[in-house]
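Report on the structure
Now for the letters of each chain:
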Amino acid sequence: VAVPLLHEASWLTIGIDLFVIVVGGICFLLDFTEIEKAAAAGEPAHLEWYHAFGVLTTVVLVYVRFLKLLQELSDSGAIGELGSSVGGFIGSIGEG
């Protein structure tokens, strides 16, 4: 089932991806806080794999959503506009 607002490059999908990336960043903080607590509490070594899996899952989530965000920005033309404005700014610095 194709949902036009969620399967096209729109500002809604870009906003959703940005939200998921921010939530992924918060999950990183929570993952590392739990790892520090576990190390301070002296948890057994075999539980390290659970924490490592949590961090790996968060890395994959953020990476995939970041790539999807870049694709949507590229499809919407926002990256081209940003690149041309930055390129113009850098060119004007070189001339002066």
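Residues numbered from 1 in each chain as written. Predicted model: local features only at pLDDT ≥ 70, side-chain atom pairs only at ≥ 80, totals over all residues. Heavy atoms only, no water.

**Some thoughts on helix H3 (residues 48–76)**
An ideal rise of 1.5 Å per residue puts 42 Å on 29 residues; H3 measures up with 42 Å between its terminal C-alpha atoms. Turning to H3, its buried residues are Val55, Thr58, Val62, Leu69, Glu72 and Leu73. Of the residues flanking the end of H3, it is Gly77, one or two places downstream, whose phi is positive at about 85°. (Helix = DSSP H or I, 4+ residues; strand = E, 2+ residues; numbered from the N terminus. Expected span 1.5 Å × (residues − 1). Buried < 20%, exposed > 50% of the residue type's maximum accessible area, 1.4 Å probe, protein only.)

**Description of the pattern of salt bridges**
Using the criterion set out here, one finds three salt bridges in the structure. Here Asp17 ties to Arg65 by a salt bridge, and the two come within 2.9 Å at their closest N and O atoms. Taken together, the residues span a long stretch of sequence, with Asp17 in helix H2 (residues 11–41) and Arg65 in helix H3 at a distance of 48 residues. Here Asp17 falls in the buried class, since its relative accessible area comes to 0%. One salt-bridge network, held together by shared partners, links Asp17, Arg65, Lys68 and Glu72. (Salt bridge = Lys/Arg side-chain N within 4 Å of Asp/Glu carboxyl O.)

**As for the packing of H2 against H3**
Direction vectors running N to C along H2 and H3 enclose 160°, while the axes themselves pass 9 Å from each other. Here H2 is positioned roughly antiparallel relative to H3, judged by the angle of their axes. The hand of the H2/H3 crossing is left-handed. For the contact of H2 with H3, the class distribution of residues is 17 nonpolar, seven polar and six charged. (Axes fitted to C-alpha atoms, helices over the stretch in contact; angles between N-to-C directions. Parallel < 35°, antiparallel > 145°, perpendicular 65-115°, else oblique. Left-handed = near helix turned anticlockwise from the far one by under 90°. Nonpolar A, V, L, I, M, F, W, Y, C, P; charged D, E, K, R; others polar.)

**Side note on the confidence of the model for the protein**
Taken as a whole, the protein shows an average pLDDT of 83; of its residues, 75% reach a score of 70 or greater. Model confidence for the protein, summarised as mean pLDDT per element, is weakest for helix H4 (residues 78–95) at 60 and strongest for H2 at 92. (pLDDT = per-residue confidence, 0-100.)

**Thoughts on a nonpolar patch on the surface**
Residues Phe53, Leu56, Val60, Tyr63, Val64, Phe66, Leu67 and Leu70 make up a contiguous nonpolar surface patch of about 780 Å² in total accessible area. Within the fold, Val64 resides in helix H3. With relative accessibility at 46%, the residue Val64 sits in the partly exposed group. (Patch = residues over 30% accessible without salt bridge, like charges linked within 9 Å, V, L, I, M, F, W, Y side chains within 5 Å. Areas by Shrake-Rupley, 256 points an atom, 1.4 Å probe, with all protein chains shown as cover.)

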